[in-house]
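A look at the structure
Single-letter residue listing:
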Amino acid sequence: MSSHYRPLLEESFRWYGPGDPVPLEHIRQTGARAVFTSLHQIPYGETWPREAIRARLAKLQAAGLRWTAVESVPVHEDIKTGSGDVAAKLDDYAQTLRNLAAEGVRTVVYNFMPVLDWVRTDLRHKLPDGSECLLFDPVKFAAFEIHALKRPGAEDDYTAGQLDAAQAFWNELCPEERAKFIAGLTDVFPGCKLGLSLNDLRAMLARYADLGEAGLRANLKRFLGHIVPVAEEVGVRLAIHPDDPPFPILGLPRILSTAADVKKLFAAVDSPANGLCFCTGSFSARPDNDLPAMARRFGPRIHAVHLRSTQRLPGGVFYEADHLAGSVDMPAVVRVLLDEQDRRVAEGRADWQLPFRPDHGHTMMDDLAKPQPDNPGYSGIGRMRGLAELRGLMLGLRAAETLAHALAPEFARA
Ligand code: DNO
C-alpha cells in the first residue's frame, strides 16, 4: 500500500535484550521492522566480543527484525572525566566499533552525559485519561539534591520560592515515600539496573569537581579524536544522544543541549561519522530549541532518530506528552526528516534511510496492571500507539505530496 509513496523513515522499536518484558515477537506485531538494542550484559568499558554481537544478530534475525542501531555503546566515566585508565578505555571502545562493523552493525548511539543518563522526578505521573507518563519537576529535583543527597551548594541553583516548595514537598513524604523517591532518581536503568546508592552518586560527582564545561568538552573532543578515525575506517556512524533534560543538573556541566552545542560538536571533529541521534523529546524540554530548524540544519549528520514530545509547563516542569501532542510540532519535524531522506536518495547516499523509534510511551491499558518493570517509559502498548500514530503521520505526509503533485496543474491555472 505504502509502495505508491516514497519511502518512510525506518520504523524501529527499542529492545532491552532477552530480559525485556516486551518480547521480540510483540515488537514484530507493532509493525516495526528493526530494533535499537544493546548488549547490556557487558559491563561499561569492556570490549564487545564478536561472538556476542553475532548471537544477538541471530536472535533478531530469527524474529524477523534488523539490528538498525546500537543503543548504546556506553562511554565509561574514565573517558568522560578524563581520569583513570583513559587510553585503555578508548582503545576498548574503538575495538567494539571494529567488532560491530565486522558483523555489519554500523550505527552506534552513545551519550556524554556525566554520571547519570536521563533523569525524571516522577516515573508514574497520572494523566487525565488514566495513563501514566514520566515527568520532571525542578522543585522535586531540588528536594532530592538538597535534602537527600545533601550536595554542597545545591541551594544556589534554585530560587527562594523553589527552595521553600522543595522543603514542603520533602516534609510531606513519609520515610517509605522518601526511599522510593530517591530510588527513582538513583536506581536508574539505562539498560541494566545501576542501583547507585547516595554515596556512590557522591563519589561519582566528586570526579567532576574541577572539570567544568570546557573540561567536559575537551574530553568529548579527545574521545572523538580517537574513535572517529576508526569509525570512518570501518564505516560506522556515531550518533550522540542529547542531554536529557537539556540543562545542567547536580552542578554538572552539560554540553549537548542546544543547537549551538551540536554545532560545536560537529566542528570539534568535522566528519560525517561524527553525527547526532536526533531526540525530539530531549531537545524539546527547552523552549529555545527550534526542532524543525535543528532537524533541517543538522539533517545530513543525523544518523538515528527518537520521536517523542514533551509538554512544558510553568516553573520548568515538563511531562512526556502523546507522541503527536505537546510542545513538539511533530508533523513539521517528520516533514523535514522525510525531505532529508529524499535528499540523500537523490545524492546517492547508501545510508539514505533514517531509522527512528517511538521514544518512550505512556503506560496504558493492560500494561497498567502489570508489575512496574525496571525500564520506565518502555511498556509495549504506549510505544505501539506512538509508532502507529507516527506511521500514520508519515503516510499522510507522503500522500499529501502525491495530492499536491496531482493538483499542481490546477494551482498553475488558478
Ligand atoms: C532514554 C534514552 C537514553 C538513551 C541514551 C543513549 O530513554 O533515550 O537512555 O538511550 O542516553 O546513550
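Now for a look at the structure at hand.

About the thresholds
- Residues numbered from 1 in each chain as written.
- Predicted model: local features only at pLDDT ≥ 70, side-chain atom pairs only at ≥ 80, totals over all residues.
- Heavy atoms only, no water.
- Core = buried A, V, L, I, M, F, W, Y, C linked by side-chain atoms within 4.5 Å.
- Buried < 20%, exposed > 50% of the residue type's maximum accessible area, 1.4 Å probe, protein only.
- Helix = DSSP H or I, 4+ residues; strand = E, 2+ residues; numbered from the N terminus.
- Expected span 1.5 Å × (residues − 1).
- Disulfide = S-S within 2.5 Å.
- Near = heavy atom within 4 Å.
- Polar contact = N/O pair within 3.5 Å; in protein donor to acceptor, adjacent residues only side chain to side chain.
- Areas by Shrake-Rupley, 256 points an atom, 1.4 Å probe, with all protein chains shown as cover.
- Contact = heavy atoms within 4.5 Å.
- Axes fitted to C-alpha atoms, helices over the stretch in contact; angles between N-to-C directions.
- Parallel < 35°, antiparallel > 145°, perpendicular 65-115°, else oblique.
- Nonpolar A, V, L, I, M, F, W, Y, C, P; charged D, E, K, R; others polar.
- Salt bridge = Lys/Arg side-chain N within 4 Å of Asp/Glu carboxyl O.

**Looking at the nonpolar core**
Nonpolar side chains tend toward joint burial in soluble globular proteins. Within the largest apolar cluster, 112 residues are counted, with the highest numbers of intra-cluster contacts made by Tyr110, Phe144, Phe223 and Leu276. The greatest single-element share of this core, amounting to nine residues, is contributed by helix α9 (residues 212–234).

**What to know about helix α13 (residues 330–347)**
Between its first and last C-alpha, α13 extends 25 Å over 18 residues, near the 26 Å set by a 1.5 Å rise per residue. Those residues of α13 not exposed but buried are Met330, Val333, Val334, Val336, Leu337, Leu338, Glu340, Gln341, Asp342 and Arg344. Following α13 by one or two positions, Gly348 adopts a phi angle in the positive range, close to 80 degrees.

**Some details on the state of the cysteines**
Think of a disulfide as a covalent bridge from one cysteine sulfur atom to another cysteine sulfur atom. Here the structure, examined in full by the defined rule, presents zero disulfides. As a non-bridged cysteine, Cys192 has Cys277 as the owner of its nearest cysteine sulfur, 19 Å distant. The partly exposed category is assigned to Cys192, whose relative accessible area is 26%.

**Structural notes on the site of the ligand**
Close to the ligand lie 14 residues; Glu71, Ser72, Asp117, His360 and Tyr378 are nearest. For the ligand, an oxygen atom lies 2.4 Å from a polar atom in the side chain of Glu71. At 2.6 Å from an oxygen atom of the ligand is found a side-chain nitrogen or oxygen belonging to Ser72. Contact with the protein chains removes 99% of the 330 Å² of surface that the ligand exposes when unbound. The leading source of residues in the shell around the ligand is strand β4 (residues 107–111), at three residues.

**Quick notes on the side chain of Ser12**
Among the secondary structure elements, Ser12 is positioned in strand β1 (residues 10–15). Only 3.3 Å separates the side chain of Ser12 from the backbone oxygen of Glu10, close enough to count as a polar contact. Discounting residues that sit within four places of it in the chain, Ser12 has contacts with Ala32, Ala34, Val35, Phe36, Thr68, Pro355, Phe356, Arg357, Pro358 and Leu387.

**Brief notes about the packing of helix α10 (residues 259–268) against helix α12 (residues 291–298)**
Where α10 contacts α12, the axes come no closer than 11 Å and their chain directions differ by 10 degrees. When the interaxial angle is binned, α10 and α12 end up roughly parallel. Taking contact as the criterion, the partners of Ala259, Val262, Lys263 and Phe266 in α10 are, on α12, Met294, Arg297 and Phe298. For the contact of α10 with α12, the per-class residue count stands at five nonpolar, no polar and two charged.

**As for the pattern of salt bridges**
Counted by the stated rule, this structure contains 41 salt bridges. The partner of Glu103 in a salt bridge is Arg50, with the nearest N and O atoms 2.7 Å apart. Linking Glu103 in the loop between α4 (86–102) and β4 with Arg50 in helix α2 (residues 50–62), this pair joins segments that are 53 residues apart in sequence. A residue is classified by how much of its surface remains accessible, and Glu103, at 17% relative accessible area, is buried.

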